[in-house]
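Below, each chain spelled out in residue letters.
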Amino acid sequence: MNKRVFYSDNGDIRDLSVNLNKYDETESSFNYVAGEDFIYIGARLPFNSLYIKLIDKNTLPANMYVEVFDGDSWNFVNELIDETGAFHVSGHITFVPDRDSGWSREDTSGDGDNIPGLESLKIYDRYWMRISFDADLSLGCSLSWVGSIFSDDSDLGSEYPDLVKTSVLTSFKAAKTNWEEQHVKAAQVIEQDLMINGVIVDPGQMLEREDYRLASVQKVAEIVFNAFGDDYIDQRQRAREEYQKRLSSPVKKIDKNANGIEEVSESLDNTSGWLSR
């Protein structure tokens with residue numbers, strides 16, 4: 001499980017990890033009260049971006065805060081970009097951990113010590129962040145999934161305009177309105193390919209999601225053409241070849257020292273041809 005996710009309802013901890021690590025329509029609802037509640041996320045390595053998919057959305061005005069734990073205390077991140085608008089729409093949150101305080105890998109002890117707010121848990125070796133808001137959210141606001149996504153239907157339509165037509169979507173699946181599930185799958189394949197080939201050991205090291213947008217478009221197209229069968233074998237092969245070329249292109253920003261911060265030295269020159277899938 002890539003990330004552990006917990007909701008603290010005035011100190012009463014609820015584990016949302018199973019639901020929110022699986023992309024489907026299962027939802028985890030909560031009634032967020034400002035000053036009392038938090039959403040905690042634990043990862044094996046630091047990260048600086050997270051996509052949050054919502055089902056029932058917040059309609060009340062609020063501002064999001066993000067903090068990370070440095071081993072002693074919670075510290076606010078810098079350069080927070082909340083594309084969800086305080087859980088008003090599904091979208092990314094992006095941030096930079098504070099360079100002075102840092103971000104520390106910690107165990108939660110389960111005996112009342114260590115990480116404030118997570119005293120009742122016993123979980124080893126995670127980097128912890130927490131999300132809060134400066135006002136109450138709508139009753140029944142619900143999350144469906146947290147993870148990575150590198151492209152959307154606008155990106156896909158710019159290269160494959162026919163694929164975003166309603167007739168094509170509904171021929172894939174009745175009442176289908178977008179390719180979001182396939183964009184999620186493409187992101188998972190990209191992460192796996194980079195790990196298999198030794199470029200990263202954890203998706204959190206991928207510091208700039210824009211680096212993978214064009215490759216993701218081709219992987220989504222390949223997934224779609226594959227589902228449509230042998231009549232599209234040529235299109236599928238071309239998309240696969242273009243995916244391999246784009247993902248193997250040089251200069252990817254990789255978090256080599258596991259601090260969640262993009263530094264000048266952290267660019268990777270890939271040798272084209274390393275990718276085989």
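Residues numbered from 1 in each chain as written. Predicted model: local features only at pLDDT ≥ 70, side-chain atom pairs only at ≥ 80, totals over all residues. Heavy atoms only, no water.

*Asks:* Tell me what's going on with the packing of helix α5 (residues 213-227) against helix α6 (residues 233-247), and back it up with residues and numbers.
*Replies:* At a minimum axis separation of 8 Å, α5 and α6 run at an interaxial angle of 155 degrees. By the angle between their axes, α5 is roughly antiparallel relative to α6. The interaxial crossing formed by α5 with α6 has left-handed handedness. Residues L214, A215, Q218, K219, A221, E222, F225 and N226 of α5 form the contact with α6, whose participating residues are Q235, R236, A239, R240, E242, Y243, R246 and L247. The class makeup of the residues in the contact of α5 with α6 is seven nonpolar, three polar and six charged. (Axes fitted to C-alpha atoms, helices over the stretch in contact; angles between N-to-C directions. Helix = DSSP H or I, 4+ residues; strand = E, 2+ residues; numbered from the N terminus. Parallel < 35°, antiparallel > 145°, perpendicular 65-115°, else oblique. Left-handed = near helix turned anticlockwise from the far one by under 90°. Contact = heavy atoms within 4.5 Å. Nonpolar A, V, L, I, M, F, W, Y, C, P; charged D, E, K, R; others polar.)

*Asks:* Explain the packing of aromatic side chains to me, and be specific about the residues and the numbers.
*Replies:* On inspection of all chains with the given rule, the structure shows 21 aromatic pairs. Centre to centre, the rings of Y40 and W74 are 5.7 Å apart; their planes meet at 50 degrees, and the pair counts as tilted. One end of the pair, Y40, is in strand β4 (residues 38-43); the other, W74, is in strand β7 (residues 74-76), with 34 residues separating them in the sequence. Taken together, a centroid distance of 6.3 Å and an interplanar angle of 55 degrees make the contact between F95 and W103 tilted. Using a relative accessible area of 1% as the deciding quantity, one classes F95 as buried. The buried category is assigned to W103, whose relative accessible area is 10%. Members of the aromatic cluster, joined through ring pairs, are Y160, F172, W179, F225, F228 and Y232. For the cation-ring pair, K3 lies above F47, with the distance from its terminal atom to the ring centre recorded as 4.7 Å. (Phe/Tyr/Trp six-rings, centres within 6.5 Å; stacked < 30°, edge-to-face > 60°. Buried < 20%, exposed > 50% of the residue type's maximum accessible area, 1.4 Å probe, protein only. Lys NZ or Arg CZ within 6 Å of the ring centre and 35° of its normal.)

*Asks:* Summarise the side chain of S216; cite the residues concerned and give the values.
*Replies:* Along the chain, S216 turns up in helix α5. In this view, S216 contacts F150, S151, H183, A186 and I190; residues no more than four positions away in its chain are not counted.

*Asks:* Which residues make up helix α4 (residues 180-196), and what values do they have?
*Replies:* Counted at 1.5 Å a residue, the expected span for α4 with its 17 residues is 24 Å, and the 24 Å between its end C-alpha atoms agrees. Every buried residue of α4 is listed here: E180, Q182, H183, V184, A186, A187, V189, I190, E191, D193 and L194. Each element contacted by the buried residues of α4 is listed here: β5 (49-54), β12 (141-147), α2 (153-159), α3 (166-172), α5 and α6. In the segment just after α4, G198 is the residue with positive phi, at about 75 degrees. (Expected span 1.5 Å × (residues − 1).)

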